[in-house]
Amino acid sequence: MTNCHQSSLLAAYLRRLINANGPLTVARYMSEALNNPSFGYYTTRDPLGTRGDFTTAPEISQMFGELIGAWFIDCWRGLGAPDPVLLVELGPGRGTLISDLWRGIAVSPDFRAAVRFCLVEASPVLRSQQQQRLSNLRPLPALDWYSRLADVPDGTLMLIGNEFFDALPVHQFVAGADGWRERLIDRDLCQADAFRYVLSHGRTPATAWLDSGNKSADAMEVCPSGLSLAHDIAERVTRVGGAALIIDFVANYLDFSLQAVRGHDHHDPLMSPGSADLACAVNFAALSKVARTAGALVHGPRGQGAFLESLGISSRAERLAQGVSAETSQMIHSGRRRLTEPGFMGELFQAMAITSGSLVSVAGFEPT
Ligand code: SAH
């Protein structure tokens, strides 16, 4: 089945849902478009890389995974070098970060021997790609796959979520004179087969979560699954010890942040659902609040550029560029710039750590 055919089947399914139950929440639309078991964007393809729709930090440079490996070694020592330790990646994409991290942590054989990888991946296509890629690692690490963090067994937790939280479904709200209204997605009757945004006539199950006194904003985006995941991570690291790193993009404007990308270009999120990546800016302040409430320490957020610089990306780039061709050296330095410079990912992407109370200070987040 072609991607185009899958997208029209998904659109037809969404129209039937709307006909039966009324307009969809933005969250339902997002989760169908991304994760529908038959036609979802992630379920049916590998979206990454130059031939895909978007490129993530691990795909830009091996230094990203290597430095995150160094960050975990530092946290692991701070935790008293527990063995075993579960190293969870949420949404591992092509498995690139884990591959680079595994090579990078060879400098600490004790840590390497203690690590058991737990990969949380919903997409069967990406899961099999990860299995293929990671089965070539030598020595072969312990690797297990799970559909949800809740299924990962208990144990000292080290976790990385890079560009994972931005794929979690959000609800959107608009403040009206008589309370919050939810932004919904309906069929566009003027244009056959198209979708459009509408406002709920009254309350919805989701507007009931909002604090009726909270009228400081005209519009609001809430990601319940992101909040509950941050709570679960914080609860685990507080109870059994550990450190989690969340890296994602933030909004550089107020209002709604749902966006679609296809073929490395902006796309209308309501057009051909399932054919483009959908993502929302991550609200680090909200994640931080639930993590602290669950008893964990929160470090950052701070810009990805400052975080990677403080982990030593510049000297790593210098070292990698020694004795290589001019072309490779240029590639290494351009990768470093894309990851760190404010005009690229350096500030738009932020890093935040959630740790157990014993890790008062962690690498990359030292006070400046
Ligand atoms: N972290 C990778 C890939 C980011 S793309 C990188 O930086 O390159 C998002 C990843 O999360 C994909 O692997 C996608 O299949 C997975 N994913 C998206 N929604 C998910 C969900 N609800 N549960 C589990 N995995 C999910």
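Everything below is about the structure printed above this text.
A brief report on the enclosed structure follows.

About the criteria used
Residues numbered from 1 in each chain as written. Predicted model: local features only at pLDDT ≥ 70, side-chain atom pairs only at ≥ 80, totals over all residues. Heavy atoms only, no water. Helix = DSSP H or I, 4+ residues; strand = E, 2+ residues; numbered from the N terminus. Buried < 20%, exposed > 50% of the residue type's maximum accessible area, 1.4 Å probe, protein only. Areas by Shrake-Rupley, 256 points an atom, 1.4 Å probe, with all protein chains shown as cover. Axes fitted to C-alpha atoms, helices over the stretch in contact; angles between N-to-C directions. Parallel < 35°, antiparallel > 145°, perpendicular 65-115°, else oblique. Left-handed = near helix turned anticlockwise from the far one by under 90°. Contact = heavy atoms within 4.5 Å. Near = heavy atom within 4 Å. Polar contact = N/O pair within 3.5 Å; in protein donor to acceptor, adjacent residues only side chain to side chain. Expected span 1.5 Å × (residues − 1). Phe/Tyr/Trp six-rings, centres within 6.5 Å; stacked < 30°, edge-to-face > 60°. Pairing = 2+ DSSP bridges. Core = buried A, V, L, I, M, F, W, Y, C linked by side-chain atoms within 4.5 Å. Salt bridge = Lys/Arg side-chain N within 4 Å of Asp/Glu carboxyl O.

The number of helices and strands found in the protein is 13 helices and 15 strands. In terms of overall dimensions, the protein has C-alpha extents of about 60 × 45 × 40 Å along its principal axes. Counting over 368 residues, the protein shows a buried share of 55%. For the protein, the accessible area works out to roughly 16400 Å², and carbon and sulfur atoms hold 52% of it.

Attention now moves to the packing of helix α5 (residues 62-78) against helix α6 (residues 96-104). Across the interface, α5 lies against α6 with an axial gap of 7 Å and an inter-helix angle of 55°. It follows from the interaxial angle that α5 and α6 lie oblique. Handedness of the crossing formed by α5 with α6: right-handed. Note on element contacts: α6 touches α5 through Leu-97, Asp-100, Leu-101, Arg-103 and Gly-104, opposite Gln-62, Phe-64, Gly-65, Glu-66, Ile-68, Gly-69 and Phe-72.

What follows is about the site of the ligand. Around the ligand sit 15 residues, and of these Thr-56, Gly-91, Gly-93, Glu-121 and Asn-162 come closest. The contact in question runs from an oxygen atom of the ligand to an N or O atom on the side chain of Glu-121, over 2.6 Å. Here Asn-162 contributes a side-chain N or O atom positioned 2.8 Å from an oxygen atom of the ligand. The protein chains hide 93% of the 570 Å² of surface that the ligand would expose on its own.

Moving on, we come to helix α1 (residues 3-21). With 19 residues, α1 extends 27 Å between its outermost C-alpha atoms, agreeing within 8% with the 27 Å of an ideal straight helix rising 1.5 Å per residue. Regarding α1, the residues found buried are Gln-6, Ser-7, Leu-10, Ala-11, Ala-12, Leu-14, Arg-15, Leu-17 and Ile-18. Where α1 terminates, the next one or two residues include Gly-22, which has phi positive at roughly 90°.

Further remarks concern the packing of aromatic side chains. Considering all chains together, one arrives at eight aromatic pairs under this definition. With 5.3 Å between their ring centres and 70° between their planes, Tyr-41 and Tyr-42 make a pair best called edge-to-face. The class for Tyr-41 is buried, based on a relative accessible area of 0%. Centre to centre, the rings of Phe-249 and Phe-349 are 6.1 Å apart; their planes meet at 50°, and the pair counts as tilted.

Turning our attention to the sheet that holds strand β12 (residues 265-267). The three strands are arranged β12-β11-β13 in an open sheet whose pairing can be described as antiparallel. Unpaired on one side and paired on the other, β12 and β13 (277-279) mark the two borders of the sheet. Neighbour-to-neighbour, the strand axes of this sheet turn through a mean angle of 40°, independent of strand direction. The pairing of strand β11 (residues 259-262) with β13 spans three bridges and is antiparallel. Counted as the bridge partner of Val-261 is Asp-277 from β13.

The next subject is the nonpolar core. By size, the foremost hydrophobic cluster in this structure holds 58 residues, and its most contacted members are Val-88, Leu-90, Phe-165, Ile-233 and Ile-354. Sequence-distant contacts of Ile-354, that is, excluding residues within four places in its chain, are made with Ala-230, Ile-233, Ala-234, Val-237, Gly-242, Ala-243, Ala-244, Ile-246, Ala-291, Ala-296 and Leu-297. Counting 51 residues, the second-largest nonpolar core is a separate cluster that includes Trp-71, Ala-321, Val-362 and Phe-365.

Side chains bearing opposite charge may pair, as long as their charged atoms lie close to each other. This model, assessed by the stated rule, comprises twelve salt bridges. The partner of Arg-28 in a salt bridge is Glu-32, with the nearest N and O atoms 2.9 Å apart. Here Arg-28 pairs with Glu-32, and both are found in helix α2 (residues 26-35), just four residues apart, close to one helical turn. Look at Glu-32 and you get buried, because its relative accessible area is 9%. Each of Glu-66, Asp-100, Arg-103 and Arg-316 takes part in one network of salt bridges that share partners.

This paragraph deals with the pairing of strand β10 (residues 242-249). Within a regular beta strand, the side chains point alternately toward one face of the sheet and then the other, so they alternate between its two faces. Among the eight residues of β10, eight are classified as buried, and the element is accordingly described as predominantly covered. Burial along β10 is two-sided: Gly-242, Ala-244, Ile-246 and Asp-248 facing one way and Ala-243, Leu-245, Ile-247 and Phe-249 facing the other are all buried. In this structure, strand β5 (residues 157-162) lies alongside β10, joined through six bridges in parallel fashion. When the bridges of β10 are listed, Met-158 appears paired with Ala-243. Bridge analysis of β10 against strand β15 (residues 349-355) gives seven bridges, and the strand direction is antiparallel. Residue Leu-245 lies in a different strand from β15, and its bridge partner there is Ala-353.

We now examine the sheet that holds β10. Read from one edge to the other, the open sheet built from seven strands follows the order β4-β3-β2-β5-β10-β15-β14, with strand pairing classed as mixed. The open sheet has two free edges, formed respectively by β4 (142-146) and β14 (297-303), since each of these has just one partner strand. Sheet twist, expressed as the mean angle between neighbouring strand axes with direction ignored, is 15°. Sitting on the sheet, α6 is in contact with β2 (85-90), β3 (115-120) and β5, with an inclination near 170° to β3.

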